[in-house]
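Chain by chain, the residues:
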Amino acid sequence: MSKILMILENVDDKNLLISELRKITKKPVLALKNSFDEKTPFYEGTLFLNDHEEISLSIMKILNLLNKLKAEVTILEVEDHVKFKDLSSSKNYKIDEVILKNILNSWQQITV
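Figured I'd write up the structure that's included with this text. Everything numeric here is computed off the predicted structure, so don't read it as measured data.

### What about the nonpolar core?
Counting residues in each nonpolar core, the largest one holds 25 residues, and the members touching the most others are I4, M6, L17, L21, F42, I59 and L100. Of all elements in the fold, only β1 (2-10), α1 (14-25), α2 (29-38), α3 (52-68) and α4 (97-111) reach the threshold of two or more residues within this core. At six residues, the largest contribution of residues to this core is made by α3. The residues contacting F42, other than those within four sequence positions of it, are M6, I7, L8, L21, K27, L32, S35, F36, I62, L66 and V73.

### Notes on unusual backbone geometry
The phi dihedral of K39 is positive, around 55°, even though this residue is not glycine. Mapping K39 onto the fold places it in the loop between α2 and β2 (43-46). Residue K39 is classed as partly exposed on the basis of its relative accessible area of 37%. Of note in this structure, K70 is not a glycine but carries a positive phi near 55°. Tracing the sequence through the fold places K70 in the loop between α3 and β3 (72-79). Residue class for K70 comes out exposed when judged on its relative accessible area of 68%.

### Re a negative patch on the surface
Taken together, the side chains of E9, D12, D13 and E72 present a region of like negative charge at the surface. Here E72 is to be found in strand β3.

### Focus: α1
Spanning 12 residues, α1 covers 15 Å between terminal C-alpha atoms, matching the ideal 16 Å at 1.5 Å per step. Buried within α1 are the following residues: L17, I18, L21 and T25. Looking straight down α1, one finds its buried side chains confined to an arc of 100°; they lie on one side. Exposed and oriented more than 90 degrees from the buried face of α1 are N15 and K23. The inward-facing, buried residues of α1 abut β1, α2, β2 and α3.

### Considering the packing of aromatic side chains
Scanning all chains against the criterion turns up one aromatic pair. Look at F36 and F42: their rings are 5.7 Å apart centre to centre, the planes differ by 80°, and that puts the pair in the edge-to-face class. Residue classification places F42 among the buried residues on the basis of a relative accessible area of 0%.

So, how was this worked out
Residues numbered from 1 in each chain as written. Predicted model: local features only at pLDDT ≥ 70, side-chain atom pairs only at ≥ 80, totals over all residues. Heavy atoms only, no water. Core = buried A, V, L, I, M, F, W, Y, C linked by side-chain atoms within 4.5 Å. Buried < 20%, exposed > 50% of the residue type's maximum accessible area, 1.4 Å probe, protein only. Helix = DSSP H or I, 4+ residues; strand = E, 2+ residues; numbered from the N terminus. Contact = heavy atoms within 4.5 Å. Patch = residues over 30% accessible without salt bridge, like charges linked within 9 Å, V, L, I, M, F, W, Y side chains within 5 Å. Areas by Shrake-Rupley, 256 points an atom, 1.4 Å probe, with all protein chains shown as cover. Salt bridge = Lys/Arg side-chain N within 4 Å of Asp/Glu carboxyl O. Lys, Arg positive; Asp, Glu negative; His and termini not counted. Charge placed at Lys NZ, Arg CZ, Asp CG, Glu CD. Expected span 1.5 Å × (residues − 1). Arc of directions from axis to C-beta. Phe/Tyr/Trp six-rings, centres within 6.5 Å; stacked < 30°, edge-to-face > 60°.

What follows is the structure, encoded as structure tokens:
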């Protein structure tokens with residue numbers, strides 16, 4: 001399985017982003033703020049499990065929000081057992097939004 005991690009790099013209005021992300025992720029304000037400040041993932045979702053549709057929808061909502069707010073984010077794709085703190089270099093796992101959307105769309109096409 002693949003796990004998607006999202007790390008905020010930059011955004012003009014952090015408070016608005018936190019407010020909107022809370023609605024999608026259900027994470028507490030402090031957890032989101034800490035992840036932003038510490039450059040750790042504010043979102044982690046494992047793909048292709050029983051809740052894939054829910055995870056996929058959350059990811060798409062987050063990507064749309066990030067685009068709307070012109071936020072810069074790093075997206076990583078790792079094996080589901082990998083912990084962010086254990087990554088020696090995140091650059092080996094970076095993917096862009098287009099690749100992530102292609103992964104999600106290809107899964108949708110397979111299940112239809």
